[in-house]
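Here is how the chains run, residue by residue.
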Amino acid sequence: MSLEKYVDPLPLPEVIEPVGQVNGVDLYKVVMKQVEQKLHRDLPKTTVWGYNGVFPGPTFEARTNVPIKVKWINDLPVDNHLLPVDKTVHGAEPPNPEVRTVVHLHGGNNPMDSDGYPEAWFTNSFKQVGPFFTAKIYNYPHIQPAATLWYHDHAIGITRLNVYAGLAGFYLLRDECEDQLNLPRGRYEVPLVIQDRSFNEDGSFFYPSQPDEPVPVFPSIVPEFFGETILVNGKVWPFLEVEPRKYRFRLLNGSNSRFYRMRFSSGQPFIQIGTDVGFLEKPVITNELILGPGERADVIINFTDFAGQHIVLTNDAPSPFPDGDPVEPNTTGQIIQFRVVLPLSGTDTSSIPTKLCAFEKLTEGDATRRRNQPLIEGEDEFGRLILLLEGLRWSDSVTDKPELGDVEIWNLINATPDTHPIHLHLVRFQILDRRPFDVEHYLATREIVYTGPPVTPDPNERGPKDTVRANPGEVTRIITRFEDFTGLYPWHCHILEHEDHEMMRPYEVVEEMEE
Ligand code: C2O
Ligand code: CU
Ligand code: CU
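Once a new chain begins, its residue numbering starts again from 1 and follows that chain's sequence as written. Chains carry letters and ligands carry numbers; both start at the beginning, A for chains and 1 for ligands, and go up in the order they are written. Thresholds applied to this predicted model are a pLDDT of at least 70 for local features of residues and 80 or more for the giving and counting of side-chain atom pairs; totals over whole chains, interfaces and linings are not thresholded and use all residues. Derived side-chain values reflect all non-hydrogen atoms in the structure, with water molecules and hydrogen atoms excluded from consideration.

(A) Spatial organisation of the coordination of the copper ion (ligand 2). Here the copper ion (ligand 2) is held by His 104 (NE2) and His 423 (NE2), and the distances to it run 1.8 to 1.9 Å. Separated by 319 residues along the polypeptide, His 104 in strand β6 (residues 103-106) and His 423 in strand β26 (residues 420-424) bring together distant segments of the chain. The buried label goes to any residue with under 20% of its type's maximum accessible area, the exposed label to any with over 50%, and the partly exposed label to all in between, with areas taken from a 1.4 Å probe on protein chains only. Owing to a relative accessible area of 1%, His 104 belongs among the buried residues under this scheme. Here the coordinating atoms are restricted to nitrogen, oxygen and sulfur within 2.8 Å of the metal centre, or 3.2 Å for Na, K and Ca, and because water is not among them the sites may look incomplete. By definition, any uninterrupted DSSP run of H or I lasting at least four residues is a helix, any uninterrupted run of E lasting at least two residues is a strand, and each is numbered from the N terminus.

(B) The sheet that holds strand β9 (residues 168-174), seen in detail. Any two strands with at least two DSSP bridges between them are considered paired. Spatially, 4 strands are ordered β4-β9-β8-β6 in an open sheet, and the strand pairing comes out mixed. Each edge of the open sheet carries a strand with a single partner, namely β4 (60-63) and β6. With direction set aside, neighbouring strand axes in the sheet form an average angle of 25°. Across 4 bridges, β4 lies against β9 in parallel orientation. Lines fitted to C-alpha atoms define the axes here, with helix axes fitted over just the stretch in contact, and angles between the N-to-C directions of these axes take values from 0 to 180 degrees.

(C) Structural context of the pairing of strand β10 (residues 189-199). Across the 11 residues that make up β10, a large majority, 11, are buried. For β10 and strand β15 (residues 246-253), the ladder comprises 6 bridges, and the chain directions are parallel. Counted as the bridge partner of Glu 189 is Arg 248 from β15. The pairing of β10 with strand β12 (residues 229-232) spans 4 bridges and is antiparallel. Looking at β12, one finds that Arg 197 is bridged to Thr 229.

(D) Focus on the sheet that holds strand β14 (residues 239-241). Strand order in the open sheet formed by 5 strands is β14-β22-β21-β16-β19, and the pairing between neighbours is mixed. Among the strands making up the open sheet, the edge pair consists of β14 and β19 (289-291). In this sheet, neighbouring strand axes are inclined to one another by 20° on average, regardless of whether the strands run parallel or antiparallel. Of the strand pairs in this sheet, strand β21 (residues 310-315) and strand β22 (residues 334-339) are connected by 5 bridges, and their pairing is antiparallel. Within the sheet, the bridge partner assigned to His 310 lies in β22 and is Arg 339.

(E) Quick look at the coordination of the copper ion (ligand 3). Of the protein atoms, only His 420 (ND1), Cys 493 (SG) and His 498 (ND1) coordinate the copper ion (ligand 3), at distances of 2.0 to 2.1 Å. Taken in chain order, the donor set of the copper ion (ligand 3) reads H-x72-C-x4-H. Residue His 420 is found in strand β26, and its partner Cys 493 is found in strand β30 (residues 487-493); the two are separated by 73 residues along the sequence. Residue His 420 is classed as buried on the basis of its relative accessible area, which comes to 0%. Overall, Cys 493 belongs to the buried group, its relative accessible area being 0%.

(F) Highlighting the packing of aromatic side chains. Pairing of aromatic side chains here covers Phe, Tyr and the six-membered ring of Trp, requires ring centres within 6.5 Å, and sorts the geometry by plane angle: under 30 degrees stacked, over 60 edge-to-face, intermediate tilted. Tallied over the full model, the rule gives 35 aromatic pairs. Three or more aromatic residues link up through ring pairs in this structure, and these residues are Tyr 28, Tyr 51, Phe 60, Trp 72, Tyr 138, Tyr 140, Tyr 151 and Tyr 171. For Arg 435, the ring lying beneath its charged end belongs to Tyr 450, and the centroid distance is 4.1 Å. Either the NZ atom of lysine or the CZ atom of arginine qualifies as a charge over a ring when it sits within 6 Å of the ring centre and within 35 degrees of the ring normal.

(G) Focus on the pairing of strand β16 (residues 260-264). In β16, alternate side chains face the same way, and those of Tyr 260, Met 262 and Phe 264 are buried while those of Arg 261 and Arg 263 on the opposite face are not. Looking at chain direction, β16 and β19 are connected through 3 bridges and run antiparallel. Opposite Met 262, over in β19, you have Leu 289 as the bridge partner. Inspection of the sheet shows β16 paired to β21 by 3 bridges, in the antiparallel sense. Bridge pairing links Phe 264 to Leu 313 in β21.

(H) Quick peek at the layout of surface pockets. Empty space within the largest pocket amounts to approximately 870 Å³. Along the wall of the largest pocket there are 37 residues; nearest its centre are Asp 212, Pro 223, Glu 224, Phe 225 and Phe 226. If you list the elements that add at least two residues to the lining of the largest pocket, you get β24 (385-389) and α4 (496-500). At 3 residues, the largest contribution of residues to the lining of the largest pocket is made by β24. For this classification, Asp, Glu, Lys and Arg are treated as charged, while Ala, Val, Leu, Ile, Met, Phe, Trp, Tyr, Cys and Pro are nonpolar and the rest, including Gly, are polar. A breakdown of the residues in the lining of the largest pocket according to their chemical character gives 17 nonpolar, 9 polar and 11 charged. Using protein atoms alone on a 1 Å grid, points that fit a 1.4 Å probe yet trap it form a cavity, whereas open point sets bounded by protein on both sides within 12 Å along at least five of seven lines form a pocket; residues with an atom within 4 Å of a point count as lining. Grid points are joined across faces, edges and corners, and a volume is the space filled by probe spheres set on the points. Roughly 320 Å³ of volume is contained in the second largest pocket. Along its surface, the second largest pocket is lined by 18 residues, and Glu 61, Leu 172, Arg 174, Gly 186 and Glu 189 are the ones closest to its centre. When contributions to the lining of the second largest pocket are tallied by element, the ones reaching two or more residues are β9, α2 (176-179) and β10. By residue number, the principal contributor to the lining of the second largest pocket is β10, which donates 3 residues. Classifying every residue of the lining of the second largest pocket by side-chain character gives 8 nonpolar, 2 polar and 8 charged.

And the structure:
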């Protein structure tokens, strides 16, 4: 099926309003619903799952140090999932119900009972709940600086399917530092969530029910999913009419497995001001921007000199990344078109600040503990390839127990052939460096022999991060402080097919031990 590009305007998600207050704290209600939605001019309506009945869900506008409460409600079909469920993967086994949900605020510094632990799932009307379910209403304290957060489903064993069905949305957290930066705002600030999907002729979502190579399970999880079309804010290849002035875009890769390596057809640069969970120290100008699943970039794009032009945001990231199949230049090689055709409605008084907002930089000397975290291949009981963290499965006992307040360095040792976007809940981390090592020697001996010097992260990766690209054959070192909350939190690959098939581990922040 070939769909014409740039025939639908970009949808802008609505900003959600509170329904009331509890003890002076704003309360929001969000209902997950199955609805039909038009995803392209020439496609019949698609059945999707949306927060408040839209895909992507409404955008939260939140302020640092102003807490809110959210009641997440599942009003989805009770019995059958929209997509093929593999009942052999962790947490999806009977008698667990097929349709389960739990909401995670990605990038949020939240107490465990509001983090959306994968086994804290609940069904329609909370009739059934998972073993870690504790609260119907989540508390988001917002004790962290301004950031581009996003919320999405995280139910154990079916995260890939729930997110693919549509359960994701933006959550913008602002603070006083941001207020003073005089960035483009209002209609000149646009969130863009990029996702890939495939469709059946009748407009329904296509998601494979088994991998290409035969496996003894049906339906079976697939090693990765790459869609044939690219959607932004829930439309296939939309266009956006813009004025010849500066815009601020919040770019989010909300895809299951696909990476994007983006450029503008006009040759103009991205002026990147923020990473996953906060501002860079100063803007970084770059012609190319890579986002793995889960990563975000906060960018300013200046259309001032491009009046009259149609500019395409292109993608040339192979799948799997970085050495898989190339994109099709005419389809997956394109994302969205910007038409610089609107008249300037007034002087552009926004600025590109020379300095942004400061954040606490951690250095090696701050760390009291280092952990080796191998990323390696394995096999499940049906002979299917699985990717493992530490060589362990989700249900194996907890091995990583950072103490509250401690700074740790995690060495992500990627001995697999692909890049994995590794995400830690709860914390904001920094990337220290990446260093090539001898993979074969490592797999045989578990000893790291470096084959080159460490490489510092790209300038546009030097801000606060919660998801990092761990490239094949490299040890990627991240540093973070575990603070504010104790409890169990997941860390995982944000390729959702990997996450659902064992590439996820719990870690536990524990009280400080007495000396
Ligand atoms: Cu965006 Cu644990 O996920
Ligand atoms: Cu997260
Ligand atoms: Cu992965």
